[in-house]
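Understanding the architecture of this molecule
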Amino acid sequence: MTDPIYDGYWAELILHSNASGKFHTLEIEASTKDSVVKQQDLWVSEGDLVTAFTGANQTIGTLVLSSDNQQKTEELLKTASEWMKVVVK
């Protein structure tokens, strides 16, 4: 068995809320969503109660990202709060 061959650099971003409340939406900057977000998996729906992140049991979903270079992928992870926001009301 051989390892799969991946094109580009891939990362998974674990989603959580910084505040407790009712989940409203996940906002992602359009240019980032169109260019690097390959999969979005939300485990909550609008109106579901979410709690502020203190551990893995408060995870609300994941994003799979891909770009053509490692530095860009690492920068996306470091700056996620600038291009993505979990909206809780």
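Above: the structure in question.
To start, this report covers the structure provided alongside it. Only a predicted model underlies this, so the values are computations on that prediction, with no experimental measurement involved. (Residues numbered from 1 in each chain as written. Predicted model: local features only at pLDDT ≥ 70, side-chain atom pairs only at ≥ 80, totals over all residues. Heavy atoms only, no water.)

Helix and strand content of the protein chain: three helices and six strands. Listed N to C, the secondary structure of the protein chain is β-β-α-β-β-β-α-α-β in terms of helices and strands. For the protein chain, the spread of C-alpha atoms along the three principal axes comes to 40 × 35 × 20 Å. With 89 residues in all, the protein chain has 36% of them scored as buried. Counted over contacts in the protein chain with a minimum sequence separation of 6, partners at least 24 positions apart contribute 76%. Summed over its atoms, the accessible surface of the protein chain is roughly 6,200 Å², and 48% of this surface lies on carbon and sulfur atoms. For the protein chain, the distance from the average position of its 7 positive side-chain charges to the average position of its 13 negative side-chain charges is 8 Å. (Helix = DSSP H or I, 4+ residues; strand = E, 2+ residues; numbered from the N terminus. Buried < 20%, exposed > 50% of the residue type's maximum accessible area, 1.4 Å probe, protein only. Contact = heavy atoms within 4.5 Å. Areas by Shrake-Rupley, 256 points an atom, 1.4 Å probe, with all protein chains shown as cover. Lys, Arg positive; Asp, Glu negative; His and termini not counted. Charge placed at Lys NZ, Arg CZ, Asp CG, Glu CD.)

Once that is clear, we can look at the nonpolar core. Residues L26, L63, W83 and M84 are the most contacted members of the largest nonpolar core, which totals 17 residues. Counting only elements with at least two residues in this core, the list comes to β1 (9-15), β2 (21-28), β5 (61-67), α3 (80-83) and β6 (84-88). Take this core: its biggest share by element is three residues, from β2. In this structure, L63 is in contact with A11, E12, L13, L15, L26, I28, V37, Q39, Q40, W83 and M84, ignoring residues within four places of it in sequence. (Core = buried A, V, L, I, M, F, W, Y, C linked by side-chain atoms within 4.5 Å.)

What follows concerns the environment of L15. Following the sequence through the fold, L15 ends up in strand β1. The buried category is assigned to L15, whose relative accessible area is 1%. For the pair L15 and G61, spaced 46 residues apart in sequence, the C-alpha to C-alpha distance is 5.0 Å. When neighbours within four sequence positions are excluded, L15 is seen to be in contact with L26, L42, Q58, T59, I60, G61, T62, L63 and M84.

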